[in-house]
Structures are given as C-alpha cells and as structure tokens.
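# Remarks on the overall topology
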Amino acid sequence: MFSAFFFDMDGVLFDSMPNHIAAWSETLAKYGIPFTARDCYLNEGRTSRDVIMLLAERHHVTVAEDQLEQIYHEKTAAYRRIGGGKPMKDMDKVLQVLTSQKADIWVVTGGGQLDLYEQLEAVFPSVFQRNKMVTAFDYAHGKPHPEPYLTAWERSGFAKEDCCVVENAPLGIQAGKAAGLFTIGVNTGALTRDDLLQAGADVVFDNMVQLEQWLGN
Ligand code: CA
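Residues numbered from 1 in each chain as written. Predicted model: local features only at pLDDT ≥ 70, side-chain atom pairs only at ≥ 80, totals over all residues. Heavy atoms only, no water.

### So, the overall build of the chain
Secondary structure assignment for the chain yields ten helices and eight strands. In summary, the chain has a C-alpha radius of gyration of 17 Å against a globular reference of 17 Å for 217 residues, a match within 12%. Along the first, second and third principal axes, the C-alpha set of the chain runs to 50 × 35 × 30 Å. Split into buried and exposed, the 217 residues of the chain put 48% on the buried side. For the chain, the exposed surface amounts to about 10,100 Å²; the carbon and sulfur share of it is 51%. The positive charge centre, built from 19 side chains, and the negative charge centre, built from 29, are 2 Å apart in the chain. (Helix = DSSP H or I, 4+ residues; strand = E, 2+ residues; numbered from the N terminus. Rg over C-alpha atoms; globule rule 2.2 N^0.38 Å. Buried < 20%, exposed > 50% of the residue type's maximum accessible area, 1.4 Å probe, protein only. Areas by Shrake-Rupley, 256 points an atom, 1.4 Å probe, with all protein chains shown as cover. Lys, Arg positive; Asp, Glu negative; His and termini not counted. Charge placed at Lys NZ, Arg CZ, Asp CG, Glu CD.)

What follows is the structure, given as structure tokens:
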C-alpha cells in the first residue's frame, strides 16, 4: 500500500460541490450565462476567472475585464452565504483506515482559505497537520498543472511510487497523473465513471465506502 495520500478538498474531503454549483448558477444567471452541474465538475480546478471567460465565450456573452472581478466577488459572496458544505459521506472511515496504517495524510487544494486547517480539524480531528497542507499560496500553476501535486510529493520526502492522489474531478486527475503519481478517482458528483477514466485515473470508485474497502485490503 502507499505511504502518503494526497487528498483534494472540494468533492473529496468536503461535500461542497453542490454549494459551489448553487453559487455559480445564481451569479452567472444574472449575467445571462447558463451553468450546469456538469460544467462545474468539468471545470473544477480552473481559476474562477478562467471559468467565467470559458462559459461566457461558449454562450456568446461579452464580459468586460472589470466585470470578471465583479462576477468573481459575487460568486464568492454567494458561496459564503450558502455555506462551505459538509464532510464527504464516509470520508471519516477512509481516514480512519489510513490513520491505523500510519499513512502520511495531506490535503492538496486550489483553495486559499486561511482557516482551512481549522475547518479540517473541526470535522476530522487529529488527522491533518499544518505542515501537510498544499494550498493556493504554495504554488504558481493550478490544476491541471502538476505543480500542486509535485509540491506535495517533494515535501513528503517519499518516492513517487509510494504516493497516491485522491481526486473527484478530471482536471485534478490530470494534475495527479502529470505529476507521475498513482491517481484514484472517486466519482462523488454529476460525472460518469468514463469522465474520470478518460482523464487518466488509475482506478475509479463510486463512493468512499468502495475506497475504504480497497484501502483496507
Ligand atoms: Ca475536487
């Protein structure tokens, strides 16, 4: 089994994607840009700026430079109002197995919340450590670029074959594979198994119970 596990946050540790979808939909609707759950999962990992530009272009809506910032702030405000989501169902069981195996447990996210450690500690007590968190402050290029996962791997000190990425979205899976790491896809959202396999996942599970059983064997 692997020595270090690099967990993505949204859609893996936290069941926060439905709240992101709600925040994006309500904000973009005001600008005449449609937004679906599938759009959310397929673009998860991109910067908000890129998501807005991509969808605006697809729907032939012109968005001025200063509007980009405005839309981003409105989406962030909507997300804060709706709330950050609850812990992913059965994630505690997965972490319990890894803790009992004395695995090194990391979080690797595009998020940049200053209170991320406190959020993790509140729902998964004594699992995460401040020096085992790679966030938006730690790298220049976001997923699907390999830099977030390469940063975690370098800091972990383990060989690549001893490290494993856990992701829920295609761009995150691409980042894990581009970093040369074994990458597990857990399909916790609106995509299909094929979406995650086509992104390059080494193995795909439909839920955390399947992952827990695989890790325990
Ligand atoms: Ca994710």
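### Considering the coordination of the calcium ion
Any two of four tetrahedral donors ideally make an angle of 109.5 degrees at the metal, while pairs among six octahedral donors ideally make 90 or 180 degrees. All of the protein donors around the calcium ion are Asp 8 (OD), Asp 10 (O), Glu 44 (OE), Glu 44 (OE) and Asn 168 (OD1); their distances to the metal are 2.1 to 3.1 Å. Between consecutive donors of the calcium ion, the numbers of intervening residues give the motif D-x1-D-x33-E-x123-N. Here Asn 168 lies in the loop between strand 6 (163–167) and helix 8 (170–178) and Glu 44 lies in the loop between helix 2 (37–43) and helix 3 (48–58), a separation of 124 residues in the sequence. Taking the relative accessible area as the measure of exposure, Glu 44 reaches 13% and is therefore buried. Since its relative accessible area comes to 1%, Asn 168 is described here as buried. (Donors = N, O, S within 2.8 Å, 3.2 Å for Na, K, Ca; no water.)

### Let's talk about the packing of helix 5 (residues 91–100) against helix 10 (residues 208–216)
It is the contact of helix 5 with helix 10, at a shortest axis distance of 8 Å, that shows an interaxial angle of 10°. Classified by the angle their axes make, helix 5 and helix 10 are roughly parallel. As for how helix 5 packs across helix 10, the hand of that crossing is left-handed. The segment helix 5 lies against helix 10, with Met 91, Lys 93, Val 94, Val 97 and Leu 98 engaging Met 208, Leu 211, Glu 212, Leu 215 and Gly 216. The residue inventory of the contact of helix 5 with helix 10, partitioned by class, reads seven nonpolar, one polar and two charged. (Axes fitted to C-alpha atoms, helices over the stretch in contact; angles between N-to-C directions. Parallel < 35°, antiparallel > 145°, perpendicular 65-115°, else oblique. Left-handed = near helix turned anticlockwise from the far one by under 90°. Contact = heavy atoms within 4.5 Å. Nonpolar A, V, L, I, M, F, W, Y, C, P; charged D, E, K, R; others polar.)

### Concerning the pattern of salt bridges
Oppositely charged side chains may form a pair once their charged atoms are brought near each other. Scanning the model with the defined rule gives 15 salt bridges in all. Ionic pairing is found between Glu 26 and Arg 81, a salt bridge with its closest N-O pair at 2.8 Å. Residue Glu 26 is found in helix 1 (residues 17–29), and its partner Arg 81 is found in helix 4 (residues 65–82); the two are separated by 55 residues along the sequence. A network of salt bridges, in which partner residues are shared, links Asp 8, Lys 143 and Glu 167. (Salt bridge = Lys/Arg side-chain N within 4 Å of Asp/Glu carboxyl O.)

### A short note on helix 1
Over its 13 residues, helix 1 extends 18 Å from the first C-alpha to the last, a length consistent with the 18 Å expected when each residue adds 1.5 Å. Along helix 1, the residues that are buried comprise Met 17, Asn 19, His 20, Ile 21, Ala 23, Trp 24, Thr 27 and Leu 28. The inward-facing, buried residues of helix 1 contact strand 2 (14–15), helix 2, helix 3 and helix 4. (Expected span 1.5 Å × (residues − 1).)

### Some details on the environment of Asp 206
Examined against the element boundaries, Asp 206 turns out to sit in the loop between strand 8 (203–205) and helix 10. Given a relative accessible area of 35%, Asp 206 falls into the partly exposed group. Discounting chain neighbours no more than four positions away, the residues touching Asp 206 are Asn 187 and Arg 193. Here the side chain of Asp 206 touches Arg 193 through a polar contact of 3.2 Å, side chain to side chain. (Polar contact = N/O pair within 3.5 Å; in protein donor to acceptor, adjacent residues only side chain to side chain.)

### Some words on the environment of Pro 87
Turning to its location among the elements, Pro 87 is positioned in strand 3 (residues 86–87). Between the alpha carbons of Pro 87 and Leu 13 there is a distance of 6.0 Å; along the sequence they are 74 residues apart. Beyond its immediate stretch of four places on either side in the chain, Pro 87 contacts Leu 13, Phe 14, Asp 15, Val 123 and Phe 124.

### Thoughts on the sheet that holds strand 5 (residues 133–134)
Across the sheet, six strands lie side by side as 5-4-1-6-7-8; this open sheet has parallel pairing. Bordering the open sheet on either side are strand 5 and strand 8, each of which pairs with just one other strand. The pairing of strand 1 (residues 4–7) with strand 6 spans four bridges and is parallel. The residue of strand 6 that forms the bridge with Ala 4 is Cys 163. The sheet contacts of helix 7 (residues 147–156) involve strand 1, strand 4 (104–108), strand 5 and strand 6, and relative to strand 4 the element is tilted by about 150°. (Pairing = 2+ DSSP bridges.)

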